[in-house]
Structure formats: C-alpha cells, structure tokens
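Architecture at a glance
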Amino acid sequence: MARRFSRDLTIRQLRALAAVQEAGSVTSAAGRLHLTQPAVTLQIRNLQELAGLPLIQRTGDGMVLTDAGRSVLALAERVEAALLDCEQTLDMITGRSGGRVSIGAVSTAKYFVPFAIAAFSRRFPKIDVSLRIGNREAIREALRGYDLDIAIMGRPPEDLQVEMRLLGKHPHLIIAASDHPLAARRRPVTLGELASEVFITREVGSGTRMLMQGFFQKNDLQPAIGMEMDSNETIKQAVIAGLGIAFISQHTVSHELADRRLVALRVPGLPLIRQWHAIRRADKVLLPPAQAMLEFLGKEGARYLPG
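Residues numbered from 1 in each chain as written. Predicted model: local features only at pLDDT ≥ 70, side-chain atom pairs only at ≥ 80, totals over all residues. Heavy atoms only, no water.

**Focus on the pattern of salt bridges**
- In total, this model carries 23 salt bridges according to the counting rule given.
- In this structure, Glu256 engages Arg261 in a salt bridge whose closest nitrogen and oxygen atoms are separated by 3.8 Å.
- Linking Arg303 and Glu300 is a salt bridge whose minimum nitrogen-to-oxygen distance equals 3.1 Å.
- Residue Arg303 is classed as exposed on the basis of its relative accessible area of 61%.
- We classify Glu300 as buried; its relative accessible area is 16%. (Salt bridge = Lys/Arg side-chain N within 4 Å of Asp/Glu carboxyl O. Buried < 20%, exposed > 50% of the residue type's maximum accessible area, 1.4 Å probe, protein only.)

**Brief notes about helix H3 (residues 26–33)**
- Val26, Ala29 and Ala30 are the residues of H3 that are buried. For H3, the angular spread of buried residues about the axis comes to 105°, placing them on one side.
- Buried residues belonging to H3 abut helix H2 (11–23) and helix H4 (37–51).
- Trailing H3 by a residue or two, His34 shows a phi angle of about 60°, which is positive. (Helix = DSSP H or I, 4+ residues; strand = E, 2+ residues; numbered from the N terminus. Arc of directions from axis to C-beta. Contact = heavy atoms within 4.5 Å.)

**Remarks on the packing of aromatic side chains**
- Applying the stated rule across the entire model yields seven aromatic pairs.
- Taken together, a centroid distance of 5.6 Å and an interplanar angle of 65° make the contact between Phe120 and Phe296 edge-to-face. Within this pair, whereas Phe120 is found in helix H6 (residues 113–123), its partner Phe296 is found in helix H12 (residues 288–300), the two being separated by 176 residues in sequence. Here the two residues Phe120 and Phe296 agree in accessibility, since each one is buried.
- Over the ring of Tyr146 we find Arg281; its NZ or CZ atom is 3.9 Å from the centre of that ring. (Phe/Tyr/Trp six-rings, centres within 6.5 Å; stacked < 30°, edge-to-face > 60°. Lys NZ or Arg CZ within 6 Å of the ring centre and 35° of its normal.)

**Comments concerning the packing of H2 against H4**
- Two numbers describe how H2 lies on H4: the axes approach to 9 Å, and their chain directions differ by 110°. When the axis of H2 is compared with that of H4, the two are roughly perpendicular. Contacts between H2 and H4 pair Arg12, Gln13, Ala16, Leu17 and Val20 from the former with Val40, Gln43, Ile44, Asn46, Leu47 and Leu50 from the latter.
- Residues that form the contact of H2 with H4 fall into these classes: seven nonpolar, three polar and one charged. (Axes fitted to C-alpha atoms, helices over the stretch in contact; angles between N-to-C directions. Parallel < 35°, antiparallel > 145°, perpendicular 65-115°, else oblique. Nonpolar A, V, L, I, M, F, W, Y, C, P; charged D, E, K, R; others polar.)

**As for the nonpolar core**
- Judged by nonpolar contacts, the single largest core of 34 residues is most densely connected at Ala109, Phe112, Ile150, Ile152, Trp276, Met293 and Leu297.
- Elements that contribute at least two residues to this core include exactly strand S3 (99–106), H6, helix H7 (136–144), strand S5 (150–153), strand S11 (272–281) and H12.
- Among the elements that take part in this core, H12 stands out by supplying six residues, more than any other.
- With near-sequence residues (within four places) excluded, Leu297 lies in contact with Ala116, Ile150, Ile152, Leu167 and Ala278. (Core = buried A, V, L, I, M, F, W, Y, C linked by side-chain atoms within 4.5 Å.)

**A short note on the confidence of the model for the protein chain**
- Taken over all residues, the pLDDT of the protein chain has a mean of 91, while the share at 70 or more is 97%.
- Mean pLDDT across the secondary structure elements of the protein chain bottoms out at helix H1 (residues 2–8), with 77, and peaks at S5, with 98. (pLDDT = per-residue confidence, 0-100.)

Have a look at this one:
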C-alpha cells in the first residue's frame, strides 16, 4: 500500500484535500479550485483509496479531517513548500529573480523612467537595475556600443536593427510664464505672433530641438533664438523668469502646468505628438532579467507617463 501511495499520489489530490479542509465543504472547495464538485469528490475518493483510510468526515460543523487526513495534509504542505522552493531556485538559475539590467534614457525621459524602474524593482527585488541619463546622441552611442540592454527614447538610430516596445504618447507644446501677455489669450496664438517672440531652446542635435525646427520649417516660421540650454530644468526656470518662451516636452512641465507657474499656449498644430519606445539592439542577446524588463515596459510602461 505504501509503495502504491507514493507511486500514484498526485498534487491534484493533495490540493483537493487541502481545499476541503480550508473551505469546510466539497462545494466550497470546488469553487476555490475552479473545478466541479464531482471532480473534487473524485480526487478525494481516489486519495482515500490510496491511503486505505478515511481522510475526512462529515460533522455538524462541516467536513473535518481525520487523524489520517491531518497526516496527509501535513504532507501536502511540505510538498507545496518544496515546489515553491524549486520554483524560486529555477528563477535564480535562469536570472528571472536575480541579475542585472542596464538602461539608458534620454534626459526628457527622466521624469517617468525612475518610477517605472521602481515598480519593476518591487516586483523583482533581486534584479539590479542601472540607469544612465544622457542626451539623445549619448544614448544612441551607448546603444550602438552594446553598453545598454534597453534604451528609452523616441526614435532609434537609423543605422541599427532594433526591437521596440511602444510605451505611449509623447506630446510637445510651447510654454510661457503665467504672466506672459500671450498666456491669458482666449483665442489661439498665431504663427505670426510666435515669430516676434524670443525662444529658449535645447542644444543643437537634441531630439526636442530637431522636433522644434521641423515644426517651424513646416510652418515657414523663423523664430528668434535667445538662449540655448542643455537642461530642461534650466529652460523651465528661464521661462518662468520671463526670459522667453520655449518649445518643450509636456512631460517635463506637467507639475509647473498644474500649479500654473507655466502656461501652455494655444497654437495651431500643437501639441505635436511623438511616441516613447523601449528599444534594444536586435543582435544583442538579452538575459532573462533584461527580457523581463523589456516586457514589463511594453506592457506597463505607459502607466508611468506624466499626466
């Protein structure tokens, strides 16, 4: 009997017994296991036949375990613990619950990428994530040089074969200080009016600067460039101080727009919408931790975009 018990015993039988003990009835146990009542009854009957003893008995308080049932239940608990331990060991071996991921993000993405990483780290606390923030060209060079597992940016280098996961929309607009004469306008600001304004811009070669130039060229507009800055934070402060207006990512100014330190001007054709992507080189083999991060960003990254 003992040899048959150990040979023919199944996890389904043990889980059926545990569910009956927890629920107090076969019907409730079936609901917990997402099985039919006859299916659970059959599992219990087969388990009792293997044990050669009654494992449960009906009482006024419901179904309770016999001494033999409690002994088998203890076995079920040990089996579940062993299965969990094995699963965790396999995760460690394959890298799903341990290892490293290297991420690069363009500077505009720093307003949401840390929040996505924090959520990923709560789910996979044993995976170490390194984050590099840089301008568009620096992140592209790091991706070219295999230094990064994943890059967060708008468009990939044109000379690379890549795999991309869409994160979400990336709107761009023109901002002004709340006391700027155009800020209180109820009607849209015309392109001609923009031509007489001084613009504070990102450095030449930045993604935002290139997008701004494309917008202006499309509308035959030659804006007056007052200052070039390599930091969105500095641009925001300069605009608040009244030094000019700026074409900028909405994600960089969400808080300032909310508390009215800055105002988004109503301009035809704006906001200009681009997309955020998580990008990896197609020829770079990702270990399981990096693959888990890529899949996480693709499925849940949009949740962490500002606004």
